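So the chains spell out like this:
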Amino acid sequence: MVRVGLIGAGRMGRTHYARLRGMEDVQIVGVADPQAERARELADPVGATAYGDYERLLARDDLDAVYVTTPVQRHADPAIAAARRGVALFLEKPVAWTLAEAGAIADAVDKAGVINAVGYQWRTRPAVERMRELLAEKPIALLRTHWYWTIPLVPDIRNKSTGGGQIFDQATHPMDLMRLFAGEVRTVQAAYTQNARKGEFDNWDGYSVTLTFESGAVGSVATTYALFQGVAEPPTLDVVAKELLLRLTPRQLEIRTPEGVEILQDAGEDVDSPFIQAVAQSDQSLIKASVRSSHNSLALTLAANHAAECGETVDFAEFVRRGQEGNEKVRPAVGRGSR
Ligand SMILES: NC(=O)c1ccc[n+]([C@@H]2O[C@H](COP(=O)([O-])OP(=O)(O)OC[C@H]3O[C@@H](n4cnc5c(N)ncnc54)[C@H](O)[C@@H]3O)[C@@H](O)[C@H]2O)c1
């Protein structure tokens, strides 16, 4: 039996809770949220204890794992406390608000040697495993993603000062996969605009990012908050190698070769079962996205924000180094933006 505590009983806390409740080998023993009624709403039906303060949850002596699903600005303290307490950590994406915080979480997790996972659930899709097989040994020419969306519905994410922008919050999923397929990023250029919905909310509504990778691949990211719900254009990631186009959308993988088109329906993502299994078996190798491997996916989105703000080509390795030193410049850009 894996005994789990939840820190944060909002949208994602409830999502993981719903899946964990259905698992025979899991017992949810406590739920912490400063909004007491939210904690009680999840705790009561499963006989768990509700807490207003996560430190009281972590003080229990029967915890095996915690889920930290607090808003991103509040990831660092509970995540570090959980690692120091020696319990396994599932942390929602992105790892943290700043690179200094993300580095501190990764250091705490590594030092404690606890099982750890980050909510980059696209990595758990069978289609992604298939893409890795198809791309093995094949140099990638181009990665291209687009994510067309509307004004974020969640108040905390709507504005760039609290949500970090669409690249930071949403496109971080396909950009994390770009790193998985093409390796580490070398340079980042970006232009953002606040144009089509100027005055409606304080965030960029158009984002264009150009990447080069150490492997020689190039990448392109185009996202928008200017559209509407139900636009019927799914987030898409294309990966192009010699005579091979792989197109990943939320439910399927399209494989185009000179021989024709093959379409694989994807079984979908599952971050919770592998995490619980990894905790039960003390086996970190079952985890697709660790805190350490996800650190630079956060860095990539912050580098894009920074590139858009300063209008210069950002050297990614240098950006990561400066971010770990706590350089304020790598926070999500809240200043002038591209315009
Ligand atoms: N994997 C995904 O696809 C995905 C999707 C949406 C959100 N997220 C991520 O999940 C995280 C949470 O997002 P959300 O939409 O669930 O937010 P939310 O606002 O719905 O829920 C957050 C909850 O955390 C609680 N909270 C705040 N401080 C706390 C503390 N110190 N201790 C305990 N609880 C605290 C809040 O009261 C709230 O109930 C964010 O990192 C977000 O980026 C991931």
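This section reports on the structure supplied with the text. (Residues numbered from 1 in each chain as written. Predicted model: local features only at pLDDT ≥ 70, side-chain atom pairs only at ≥ 80, totals over all residues. Heavy atoms only, no water.)

## Examining the side chain of Thr236
Inspection of the secondary structure assignment puts Thr236 in strand 11 (residues 236-241). The exposure class of Thr236 is buried, given its relative accessible area of 5%. Those residues in contact with Thr236 that lie beyond four places of it in its chain are Arg144, Thr145, His146, Arg247, Leu248 and Thr249. (Helix = DSSP H or I, 4+ residues; strand = E, 2+ residues; numbered from the N terminus. Buried < 20%, exposed > 50% of the residue type's maximum accessible area, 1.4 Å probe, protein only. Contact = heavy atoms within 4.5 Å.)

## Examining the packing of aromatic side chains
Under the definition given, this model contains 10 aromatic pairs. Judged by centre distance (5.6 Å) and plane angle (75°), the rings of Phe90 and Phe275 are edge-to-face. Taken together, the residues span a long stretch of sequence, with Phe90 in strand 5 (residues 88-91) and Phe275 in helix 11 (residues 272-281) at a distance of 185 residues. For Phe90, a relative accessible area of 1% translates into the label buried. On the accessibility criterion, Phe275 (0% relative accessible area) is buried. For the pair Trp122 and Trp147, a centre-to-centre distance of 5.8 Å together with 25° between the ring planes defines the contact as stacked. Taken together, the positions of Trp122 in the loop between strand 6 (116-118) and helix 6 (126-135) and Trp147 in strand 7 (residues 140-148) put the pair 25 residues apart, joining distant regions of the chain. Taken as a pair, Trp122 and Trp147 share a single burial class, namely buried. Following the ring pairs from residue to residue traces out a cluster consisting of Tyr192, Phe201, Trp204, Tyr207 and Tyr225. (Phe/Tyr/Trp six-rings, centres within 6.5 Å; stacked < 30°, edge-to-face > 60°.)

## A word on the sheet that holds strand 3 (residues 49-51)
In space, the six strands of this open sheet follow the order 3-2-1-4-5-6, with parallel pairing throughout. The open sheet has two free edges, formed respectively by strand 3 and strand 6, since each of these has just one partner strand. Between one strand axis and the next, the sheet turns by 20° as a mean value, whatever way the strands run. Relative to strand 6, strand 5 runs parallel, the two sharing three bridges. Counterpart to Leu89 in the pairing with strand 6 is Asn116. (Pairing = 2+ DSSP bridges. Axes fitted to C-alpha atoms, helices over the stretch in contact; angles between N-to-C directions.)

## Remarks on the site of the ligand
Around the ligand sit 25 residues in total, of which Arg11, Met12, Asp33, Arg38 and Gln121 are the nearest. In the environment of the ligand, an oxygen atom lies 3.1 Å from a nitrogen or oxygen atom belonging to the side chain of Gln35. Within the side chain of Glu92, one N or O atom sits 3.0 Å away from a nitrogen atom of the ligand. Coverage of the ligand by the protein amounts to 85% of the 850 Å² it exposes when considered alone. Of the residues assigned to the shell around the ligand, the class counts are nine nonpolar, nine polar and seven charged. (Near = heavy atom within 4 Å. Polar contact = N/O pair within 3.5 Å; in protein donor to acceptor, adjacent residues only side chain to side chain. Areas by Shrake-Rupley, 256 points an atom, 1.4 Å probe, with all protein chains shown as cover. Nonpolar A, V, L, I, M, F, W, Y, C, P; charged D, E, K, R; others polar.)

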